Amino acid sequence: MQRREFLQGVAASTLALTLAAKIPATPRRAKVLVVGAGLSGMAAALELKNAGFEVIVLEGDSRPGGRVHTLREPFSDGLYAEAGAGRIPSTHDLTLKYVRQFNLQLAPFYPASGAEVYYIKGKRQRVDAAHPLDMSKVALSLTAAERRIGISKWEAKYMDGAQREVGRVSSRDWPSQAVLKAYGSISIQDFLRAQGASDDAIEMLVSGYQSEAALDFLRDLASHQAPMLSKIVGGNDLLPRAFAAKLSEQIIYGAKVVRMEQTGEHVKVSFIQGGMTRTQEADYIICAIPFTILRSIEVSPAFSEEKRLAIESMTYGAVSRVFLQTHTKFWTKEGNTGFATVDRAMEIWNPTWNQSGNRGLLMAYAYEHLAREIAAQTPADRVTTMLHYFDQVHPGVKDNFEVGASWVWEEQPFTKGAYCVYQPGELSTILPAAMRPEKRILFAGEHCSSHPAWMQGALESGLRAAETIQHAN
Ligand SMILES: Cc1cc2nc3c(=O)[nH]c(=O)nc-3n(C[C@H](O)[C@H](O)[C@H](O)COP(=O)(O)OP(=O)(O)OC[C@H]3O[C@@H](n4cnc5c(N)ncnc54)[C@H](O)[C@@H]3O)c2cc1C
């Protein structure tokens with residue numbers, strides 16, 4: 001089956017249908033091997049452990065959490081910043097449920113006051129409640145309405161209605177036939193163009209994700225538009241670490257899975273640990289690793305054609321982050337938050353606005369083509385390039401600079417990409433194929449969920465896999 005036939009030929013399906021997928025039962029107390037100690041794998045493992053199943057988690061890395069990773073080195077004074085998951089929307093009930101369960105403390109993601117900097121076409125403006133953005137100084141080629149309402153209102157103008165409609169679909173019904181029909185087969189760029197958006201406004205709105213399905217983009221936007229965005233005090237990795245502490249006897253670290261096998265009523269996983277190949281047998285596997293990695297794992301017997309195509313075709317976005325530590329939080333002297341909006345495929349964050357001490361960190365969150373450009377540089381050049389750019393956005397960075405760091409998701413050996421980005425047509429084809437169990441092998445991970453690219457999606461998919469096993473037994 002070719003990719004094109006696959007995209008045309010598989011019937012549309014919702015998560016609810018996939019949930020109904022049957023897996024074989026086991027006559028004894030079932031043993032489950034979970035591949036990957038990211039949030040999806042650990043949510044599944046903890047659920048099954050608590051339900052009395054025997055569980056082993058094989059993790060290739062030396063730490064839990066996968067794409068929830070807080071960087072504390074090489075920063076001074078206990079400063080930290082996120083390499084991966086940064087924001088928790090107030091609508092993400094599962095993520096918040098676990099935050100509460102593990103007694104973790106939340107802080108707002110953005111400071112309540114201060115000016116944000118806009119840096120567009122080489123012109124810098126400070127914007128706060130008293131000083132709105134002066135659109136006459138924004139040298140973008142815009143429609144009269146875009147110029148009149150200002151950049152912060154563009155999302156609402158072009159996407160509010162659609163985003164609400166898409167955001168309302170429950171996880172169980174995702175993606176409903178109605179939203180698939182309306183937004184599933186068009187790219188976000190074409191969707192915005194059809195709404196009358198100018199090319200420059202589209203460029204600013206899509207942050208490099210030009211070919212993403214409008215439906216995927218709008219679902220993501222619905223999370224971003226939650227009433228409140230938070231982060232975990234001390235670092236978001238405290239969440240996976242809390243899971244890992246509950247699973248300390250179940251997780252085997254440094255165990256890189258290289259082969260999965262199903263024979264009759266059993267499954268077998270081979271993994272490399274300390275240079276030795278070892279095996280574990282069980283009744284089920286929950287495969288909770290990104291498809292970028294699954295592509296190079298040997299599977300016997302081969303997966304179904306649909307699954308194989310889903311694994312091979314899934315698109316992963318590129319993200320690179322660059323961190324600059326400064327001697328002081330000098331931007332506060334001008335009354336700025338440290339956050340900035342720029343005309344590149346990049347967000348600028350200040351992760352340290354609520355961290356104590358004089359020093360601060362500014363962070364570049366680069367997407368797609370810009371992320372790949374950054375990835376192609378040496379680590380030292382990434383920092384130097386961003387230092388020059390940031391000095392225009394926040395003049396004074398160079399004078400205050402102490403140490404820099406970068407993190408490129410495409411070069412991480414256990415991830416090889418940032419997160420799944422569904423392309424037009426794929427939410428009715430690749431998503432259901434990705435989620436469907438292959439006999440005794442079940443699949444979890446943000447890519448198999450109603451919230452791709454969010455911790456919520458990872459947790460939901462893990463619980464779904466655990467529920468399927470519990471249901472069958
Ligand atoms: C740049 C970035 C920004 C993000 N921003 C946000 C955000 O603001 N808010 C939010 O909620 N979410 C965000 N996310 C998404 C969130 O981090 C992910 O959805 C979630 O962490 C994915 O969990 P997972 O279990 O699906 O996969 P992973 O976290 O990737 O876990 C998979 C695990 O499997 C392991 N593994 C891989 N291969 C093997 C192998 N062969 N053998 C054994 N183990 C293996 C890996 O080491 C890893 O621990 C972001 C992600 C990124 C990358």
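Residues numbered from 1 in each chain as written. Predicted model: local features only at pLDDT ≥ 70, side-chain atom pairs only at ≥ 80, totals over all residues. Heavy atoms only, no water.

Quick look at the environment of T326 now. Tracing the backbone through its elements, the reader meets T326 in strand 16 (residues 319-326). With a relative accessible area of 0%, T326 lands in the buried category. When near neighbours in sequence (up to four residues on either side) are disregarded, T326 contacts W331, R359, G360, V397, N400, F401 and E402. (Helix = DSSP H or I, 4+ residues; strand = E, 2+ residues; numbered from the N terminus. Buried < 20%, exposed > 50% of the residue type's maximum accessible area, 1.4 Å probe, protein only. Contact = heavy atoms within 4.5 Å.)

Here we come to the site of the ligand. In the vicinity of the ligand, 39 residues are found, and the nearest of them are S40, E59, R67, R87 and M455. At a separation of 2.6 Å, an oxygen atom of the ligand approaches a polar side-chain atom of S40. A distance of 3.3 Å is found between a nitrogen atom of the ligand and a backbone nitrogen or oxygen belonging to A453. Put simply, the parts of the chain that give the shell around the ligand at least two residues each are helix 3 (39-50), strand 11 (256-263), strand 16 and helix 18 (455-472). Residue composition of the shell around the ligand, grouped by class: 23 nonpolar, nine polar and seven charged. When residues of the shell around the ligand are assigned to domains, at least three fall in each of domain 1 (3-63 + 237-315 + 421-472) and domain 2 (71-92 + 317-411). (Near = heavy atom within 4 Å. Polar contact = N/O pair within 3.5 Å; in protein donor to acceptor, adjacent residues only side chain to side chain. Nonpolar A, V, L, I, M, F, W, Y, C, P; charged D, E, K, R; others polar. Domains from an automatic or database assignment.)

Turning to unusual backbone geometry, a few remarks are in order. E73 connects to P74 through a cis peptide bond whose omega is 5°. Mapped onto the fold, P74 is located in the loop between strand 3 (70-71) and strand 4 (81-82). Backbone torsion omega between W174 and P175 reads -15°, so that peptide bond is classified as cis. Position of P175 among the secondary structure elements: in the loop between helix 6 (154-167) and helix 7 (177-183). In this structure, D77 takes a positive phi of about 55° despite not being glycine. In this fold, D77 is placed in the loop between strand 3 and strand 4. Located in the positive-phi region is K121, a residue other than glycine, with phi close to 50°.

Another aspect to go through is the nonpolar core. Core analysis: the largest hydrophobic core is formed by 67 residues, its most contacted members being W154, M159, L192 and L294. Here this core spans two domains, and each of domain 1 (3-63 + 237-315 + 421-472) and domain 3 (140-224) adds at least three residues to it. Sequence-distant contacts of W154, defined by excluding residues within four places in its chain, comprise M135, L140, L142, E146, I149, M159, A201, M204 and L205. W331, L362, V383 and A418 belong to the second-largest nonpolar core, a separate cluster that totals 47 residues. (Core = buried A, V, L, I, M, F, W, Y, C linked by side-chain atoms within 4.5 Å.)

Further remarks concern the packing of helix 4 (residues 93-101) against helix 18. In contact at an axis separation of 7 Å, helix 4 and helix 18 are set at 85° when each is read in the N-to-C sense. On the basis of the axis angle, helix 4 is roughly perpendicular to helix 18. Taking contact as the criterion, the partners of D93, L94, T95 and Y98 in helix 4 are, on helix 18, M455, Q456, L459, E460 and L463. Each residue belonging to the contact of helix 4 with helix 18 can be placed in one class, and the counts come to five nonpolar, two polar and two charged. (Axes fitted to C-alpha atoms, helices over the stretch in contact; angles between N-to-C directions. Parallel < 35°, antiparallel > 145°, perpendicular 65-115°, else oblique.)

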